[in-house]
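Reading the structure
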Amino acid sequence: MAAPVSVLQEVDSLRAQLNRHNTLYHTLDAPAIPDADYDALLARLVALETQYALDTNGSPSQRVGAKALAGFAQVVHELPMLSLDKVFDREDLLAFEARLKKRLESDVTIGFSCEPKVDGVAVSLLYEAGLLVRAATRGDGVMGEDITHNVKTIRCIPLRLMGDNVPATLEVRGEIYLGKRGFAELNEQARRSQSKVFVNPRNTAAGTLRQLDPQRAASVPLQMFCYSVGLHTEGTLPETLGEVFESLANWGLPTNPQRETVIGIEACVAYCQRLLAKRDALEYEIDGAVIKVDSLPLQEKLGTNARTPRWAMAYKFPPEERSTRLLGVEFQVGRTGTITPVARLEPVFVGGVTVSNTTLHNMDEVARLGVRIGDQVVVRRAGDVIPKIVSVVSEAENSAPQEIVAPRKCPVCGSAVEKDGEVLLRCSGVLVCAAQRKESIKHFASRNALDIEGLGERLVDQLVEAKLINDVSELFSLEASQLLSLERMGVKSAENLIAAIDRARETTLPKFLFALGIREVGEATAQGLASHFGTLDLLQSATVDELVLVPDVGPIVAEHIASFMGNAANIALMDRLVAHGVRWPTIETGGAVNKPLAGQSVVLTGTLESLGRNEAKARLIALGAKVAGSVSKNTSLVYAGANAGSKLAKAEELGIDVADEAALIALLEELEAAR
Ligand SMILES: [Zn+2]
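One numbering rule holds for all chains: residues counted from 1, following each sequence as written. It should be noted that, the model being predicted, local features are given only for residues of pLDDT at least 70 and side-chain atom pairs only at 80 or more, the latter also being counted only at that level, while totals for whole chains, interfaces and linings use all residues. To get the side-chain values, all heavy atoms of the structure are used, and hydrogens and water are removed first.

Moving on, we come to the overall build of the protein chain. Of the regular secondary structure elements, the protein chain holds 24 helices and 22 strands. Since a compact globule built from 675 residues should have a radius of gyration of about 26 Å, the 36 Å found for the protein chain marks it as more spread out than a globular shape. The principal-axis extent of the C-alpha atoms belonging to the protein chain is close to 100 × 75 × 55 Å. Taking all 675 residues of the protein chain together, the buried fraction comes to 45%. Here, two residues are considered to be in contact whenever any of their heavy atoms come within 4.5 Å of each other. Taking as baseline every contact in the protein chain between residues at least 6 positions apart, the subset at least 24 positions apart corresponds to 67%. In this tally, Lys and Arg are treated as positive and Asp and Glu as negative; His is ignored, and so are the chain termini. All charge positions are set by atom: Lys at NZ, Arg at CZ, Asp at CG, Glu at CD. Positive and negative charge centroids in the protein chain, built from 71 and 86 side chains respectively, lie 4 Å apart. Only DSSP runs of H or I covering at least 4 residues are called helices, and only runs of E covering at least 2 are called strands; the numbering of each starts at the N terminus. The globule rule used for comparison is 2.2 Å times the number of residues to the exponent 0.38, while the radius of gyration itself is calculated over C-alpha atoms. A 1.4 Å probe rolled over the protein chains alone gives each residue an accessible area, and that area as a share of the maximum for its type sets the label: buried under 20%, exposed over 50%, partly exposed in between.

So, in structure tokens, the structure goes:
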């Protein structure tokens, strides 16, 4: 049955829409329509093409739908797919340019095309008369595998080229990759369905392209950047790579927006530095930059070596993932007694630094990784973050790997180890634990705490080991003569340290509270506590109920504070510090004049719909009122919200004034405005 004109028009429109969305999906990295809408357009197109038996060559309907293959056909690359020479630093790049000039027997300034070296799978796409007829892996460079069925499922790769002057034969080469977001989503799905998670984007992309079933390939959001032209009809390409890239883009092929044409090798060095700086922000993984001579006639003149072109160079970034051996695990004790497993590694150069140890966080992480001492592990370091063991490569050879066992006793003081919550281990020694003493003194002296200049980690370790101090208060009774017994301590530095300790006596209440090292009390919380309570005395006598009224203090932190302040040893320590002259200016929290409700006892009952019970309580207390939990003859006033029950009845029985929420809000606003 011949298709009516209206159907042909609709088919054209559907194909154009689908092609446009495929392009948008790739170049803008944000699809213009939801996947379900895209699927509906595609389903309509397939239905029409089938019903009227239309020619589907190059139609977007041909992306998925081929049957699974029995095996891969071999493809011979008419022009071999060469690999690239690699360099690792600026000097090597300068040497590259010098070699080019020597071979060209000219000192002319060379233009270069620079682009990111995307960490993916190299492929070749063959277009005949503008139609994608074959896609192949690089293989060994001479022979690869036919992966046309899978490549057709990649939405950014045009099945039919558009625009003018498309060569009759055009082989385009590039890198197929899986973006970081696509990889994360895929692993999220895998975790939800409890199937195996993927190791990295590149392996996932490679595995996807080697699927026999294109339906499975279609479920992975692969993408591509084209980077060169192989076989092509003679006389159809412009003279420079920069222009070739423009042509590729005009024909609808995906090219990397980070590509630039620059003049001279120093500009290439600068390009590489800029690219390295934005490496982590890119949506795909790169492992360097590719630098190519921009002029095609010059490329021709330079020619190729046995396996690599003379006109191109890969500039490799320091690797972000490397494998190394786990030599051992040490358990380190922190300031609050937390015991953390720390991996000792065979030193490995990764992400620009040599890593020889890194934290394993907790025993749950050890179990999750399934790592044992002696295992070969993959270490990752991206940007400036702490290096991380991400996986175990293989089991230890020869020697039997050794399980990592959580200690039952503190490795420093021998006290029993307690479990803190689900995964944390904690030394119960506290004051007897030298590790905790050292860490708490280091914290006390640190810049944002009492800021004792010159009292660094090494010196604290020495002071504790020489038993010159046992806790922070003893810092203030140190004498210069005692310090002289320490290694590498001269008279001058001893006097300087004593002077710095003396200066540290003058502090502020927030810094003092932070310096105490109460669990979960950071600088912001210390500041909040100081401005709320104003004095150490008031804070020491505060109950958990009163503590939670401080901004950012939840019930757990309040418990930590109350238990610290209630502990006899801590009270004695704070007293000793004050006796040693540690002092701070008084904090103005508002005296009696600013406490208009001082002396009043207020009870809240029922549901306070717009204020909420906690807010109402906090604001009343700030104005000086005492907020009581039950009604008695001492109650000044009861504020009753919706559904008030027995307390309201009790107030009426005792003849105590009762007001509603609106009256409470009006009172608060009036008094707060007057402050
Ligand atoms: Zn200990």
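Still more ground to cover, so stick around.
What follows covers the coordination of the zinc ion. For Na, K and Ca the donor cutoff is 3.2 Å, while for all other metals N, O and S atoms must lie within 2.8 Å; water is not among the atoms, so some sites may look incomplete. At the metal site, the zinc ion is ligated by Cys410 (SG), Cys413 (SG), Cys427 (SG) and Cys433 (SG), and these contacts range over 2.2 to 2.4 Å. Given four donor atoms and angles of 97 to 121° at the metal, the environment of the zinc ion is assigned as tetrahedral. Here the donor residues of the zinc ion are spaced in sequence according to C-x2-C-x13-C-x5-C. Taken together, the residues Cys410 in the loop between β16 (388-394) and β17 (417-420) and Cys433 in the loop between β18 (424-427) and α12 (434-445) connect sequence positions 23 residues apart. Judged on exposure class, the residue Cys410 and its partner Cys433 are both buried. Here the metal geometry follows the donor angles, with tetrahedral for four donors whose angles all fall between 85 and 135 degrees, square planar for four and octahedral for six when opposite donors are more than 155 degrees apart and every other angle is between 65 and 115, and irregular for all the rest.

Attention now moves to the nonpolar core. Only buried residues count toward a nonpolar core. Its members are Ala, Val, Leu, Ile, Met, Phe, Trp, Tyr and Cys residues joined through side-chain atoms within 4.5 Å. Membership of the largest hydrophobic core comes to 52 residues, with the highest contact counts inside it found for Leu475, Leu513, Leu529, Ile561 and Met565. Broken down by secondary-structure element, the contributors of at least two residues to this core are α12, α13 (457-465), α15 (491-504), α16 (509-515), α17 (523-533), α18 (536-540), α20 (555-566) and α21 (568-579). The domain boundaries here were taken from an automatic or database domain assignment. The residues that make up this core include at least three from each of domain 4 (433-504) and domain 5 (509-579). Those residues in contact with Met565 that sit more than four places away from it in its chain are Leu513, Leu516, Ile518, Leu536, Leu539, Gln540, Ile571 and Met574. In this structure, Ala135, Ile154, Leu170 and Leu241 belong to the second largest nonpolar core, which totals 33 residues.

Centres within 6.5 Å make a pair out of two Phe, Tyr or Trp rings, where for Trp the six-membered ring is used; the pair is then stacked when the planes are under 30 degrees apart, edge-to-face when over 60, and tilted otherwise. Per the stated rule, a full pass over the model turns up seven aromatic pairs. For the pair Tyr177 and Phe225, a centre-to-centre distance of 5.1 Å together with 20° between the ring planes defines the contact as stacked. In this pair, Tyr177 sits in strand β7 (residues 169-178) while Phe225 sits in strand β8 (residues 222-232), placing the two residues 48 residues apart along the sequence. By relative accessible area, Phe225 is classed as buried at 8%. Ring pairing ties together the aromatic residues Tyr177, Phe225 and Tyr284, which thus form one cluster.

Bringing the sheet that holds β8 into the picture now. Only strands joined by at least two bridges in the DSSP assignment are considered to pair. Reading across from one edge, β5-β4-β7-β8 is the order of the four strands in this open sheet, with antiparallel pairing throughout. Two strands bound the open sheet, and with one partner strand each, they are β5 (131-137) and β8. Here the average twist between neighbouring strands, direction ignored, is 30°. Relative to β5, strand β4 (residues 121-128) is paired through six bridges, and the arrangement is antiparallel. Bridge pairing in β5 links Tyr127 to Leu132. Strands β4, β7 and β8 of the sheet are contacted by helix α6 (residues 201-209), whose axis makes an angle of about 130° with β7. Axis definition: a line fitted to C-alpha atoms, limited for helices to the stretch in contact. Angles are taken between N-to-C directions and run from 0 to 180 degrees. Sheet strands touched by helix α8 (residues 241-250): β7 and β8. Its angle to β8, the strand with the most contacts, is close to 120°.

This part takes up the pairing of strand β3 (residues 111-118). Most of β3 sits out of view: seven of its eight residues are buried. Where β3 and strand β9 (residues 260-263) come together, four bridges link them in antiparallel fashion. The residue of β9 that forms the bridge with Ser113 is Thr261.

Glancing now at unusual backbone geometry. If you check the backbone angles, Asp451 has positive phi at about 55° while not being a glycine. The residue Asp451 is located in the loop between α12 and α13 in this model. In this structure Asp451 comes out as partly exposed when scored by relative accessible area, which is 40%. A positive phi is found at Asn643, a non-glycine position, where the angle reads about 55°. Mapped onto the elements, Asn643 comes out in the loop between β21 (637-640) and α23 (646-654).

Moving on: the domain arrangement of the protein chain. Frequently, the measure chosen for interface size is the accessible area removed from exposure when the parts meet. Segmenting the protein chain into domains produces domain 1 (5-62), domain 2 (86-316), domain 3 (319-431), domain 4 (433-504), domain 5 (509-579) and domain 6 (592-674). Computed from C-alpha atoms alone, the centre-to-centre distance between domain 1 and domain 4 is 74 Å.

Before going further, it helps to examine the environment of Gln299. The residue Gln299 is located in helix α10 (residues 296-302) in this model. Owing to a relative accessible area of 10%, Gln299 belongs among the buried residues under this scheme. For the pair Gln299 and Ala312, spaced 13 residues apart in the sequence, the C-alpha separation amounts to 8.7 Å.

What follows covers the packing of α20 against α21. Following both chains from N to C, one finds α20 and α21 inclined at 70°, their axes separated by 5 Å at the closest point. On the basis of their axis angle, the class for α20 and α21 is roughly perpendicular. Residue-level inspection shows Phe564, Met565 and Gly566 of α20 in contact with α21, the latter providing Ala568, Asn570, Ile571 and Met574. The classification used treats Ala, Val, Leu, Ile, Met, Phe, Trp, Tyr, Cys and Pro as nonpolar, Asp, Glu, Lys and Arg as charged, and all other residues, Gly among them, as polar. The residue makeup of the contact of α20 with α21, split by class, is five nonpolar, two polar and no charged. Oblique is the label for any angle not covered by the other classes, which are roughly parallel (under 35 degrees), roughly antiparallel (over 145) and roughly perpendicular (65 to 115).

Strand order in the open sheet formed by four strands is β20-β19-β21-β22, with parallel pairing between adjacent strands. What marks the edges here is a single partner per strand, and that holds for β20 (626-628) and β22 (658-659). Across two bridges, β21 lies against β22 in parallel orientation. Considered in β22, the bridge of Tyr639 is made with Ala659. Packed onto the sheet, α23 meets β19 (601-605), β21 and β22 and runs at close to 140° relative to β19. Against the sheet, helix α24 (residues 661-674) contacts β19, β21 and β22, and its axis sits at roughly 120° relative to β21.

With that settled, the discussion passes to the side chain of Ser59. As for its position among the elements, Ser59 is in the loop between α2 (35-51) and β1 (74-76). Judged by relative accessible area, Ser59 falls into the buried class, the value being 1%. In the analysis that follows, any N or O atom pair within 3.5 Å is treated as a polar contact, provided that within protein one partner can donate a hydrogen and the other can accept it, and provided that, for residues neighboring in sequence, both atoms belong to side chains. Polar side-chain contacts of Ser59 include one of 3.4 Å to the side chain of Arg15. When sequence neighbours within four positions are dropped, the list of residues in contact with Ser59 reads Arg15, Leu45, Glu49 and Leu159.

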